Amino acid sequence: MHHGNSNYNMSSTTTTGVNSIGDTYRYCEQLFKAIKVPAIVTLSGDLGSGKTTICKEIAKRFGHHQINSSSYQTVSFYSGVTNLIHCDFFRADLNERFFDEEINPLLVGDWIILAEWCDSMPMNPHVQNITIRIIHSDGSAKRTIITKIIS
């Protein structure tokens, strides 16, 4: 362990096979245990691959039961013990300016960002960064979730 060096990040990547909604809930439980706020969680995958399901499950575990997939609003803020910033970039262009103007002002207290349709965000070396890529090949419930955690 390199403790003195602030540029050194621990990184781990796991691949999880998911075949049912029960598997998805178990995955979310493991993911929740791994999250250390403040954290940025980005989710990418095809339409209908389960990004919103994972977001809702993680949000519930942080005490937020009202989140929905908003194609009308790019950024939704939910206040709580851990503030939740839910982003949906399906129709949006994410850039540094957007991040600085729309998201940075919301990062107060303990917070977690859940960003759908996003494979990268400005990396913040001071917080945990988690990227989730969902591979959903056919019409079945079978998915492969690749989770990379940098903390």
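Just so we're clear, the structure is a prediction, and the values are computed from it rather than from any experiment. (Residues numbered from 1 in each chain as written. Predicted model: local features only at pLDDT ≥ 70, side-chain atom pairs only at ≥ 80, totals over all residues. Heavy atoms only, no water.)

Chemist: Could you clarify how one ought to interpret the layout of surface pockets in this entry?
Modeler: Vacant regions in the atomic arrangement are exposed by a probe of water-molecule size rolled over the atoms. Each pocket or cavity is described by its volume, and for the largest pocket that value is around 170 Å³. Along its surface, the largest pocket is lined by 13 residues, and Thr14, Thr16, Tyr27, Gln30 and Leu31 are the ones closest to its centre. Where the lining of the largest pocket is concerned, the elements lending two or more residues are β1 (11-18), α1 (21-34) and β7 (143-150). Ranked by residues supplied to the lining of the largest pocket, first place goes to α1 with 6 residues. Its residues placed into classes, the lining of the largest pocket shows 5 nonpolar, 6 polar and 2 charged. (1 Å grid on protein atoms, 1.4 Å probe; cavity = no way out; pocket = protein on both sides within 12 Å on 5 of 7 lines; lining within 4 Å. Points joined across faces, edges and corners; volume = space filled by probe spheres on them. Helix = DSSP H or I, 4+ residues; strand = E, 2+ residues; numbered from the N terminus. Nonpolar A, V, L, I, M, F, W, Y, C, P; charged D, E, K, R; others polar.)

Chemist: What's the story with helix α2 (residues 51-61) in this structure? I'm lost.
Modeler: Residue pairs spaced three or four apart in an α-helix point in one direction, given the helix's 3.6 residues per turn. Along α2, the residues classified as buried are Lys51, Thr52, Ile54, Cys55, Glu57, Ile58 and Ala59. Looking at the buried side of α2, the elements it contacts are α1, β2 (39-45), β4 (83-88), β5 (111-116), β6 (128-135) and β7. Downstream of α2 by a residue or two, Gly63 has a phi angle that is positive, lying close to 90 degrees. (Buried < 20%, exposed > 50% of the residue type's maximum accessible area, 1.4 Å probe, protein only. Contact = heavy atoms within 4.5 Å.)

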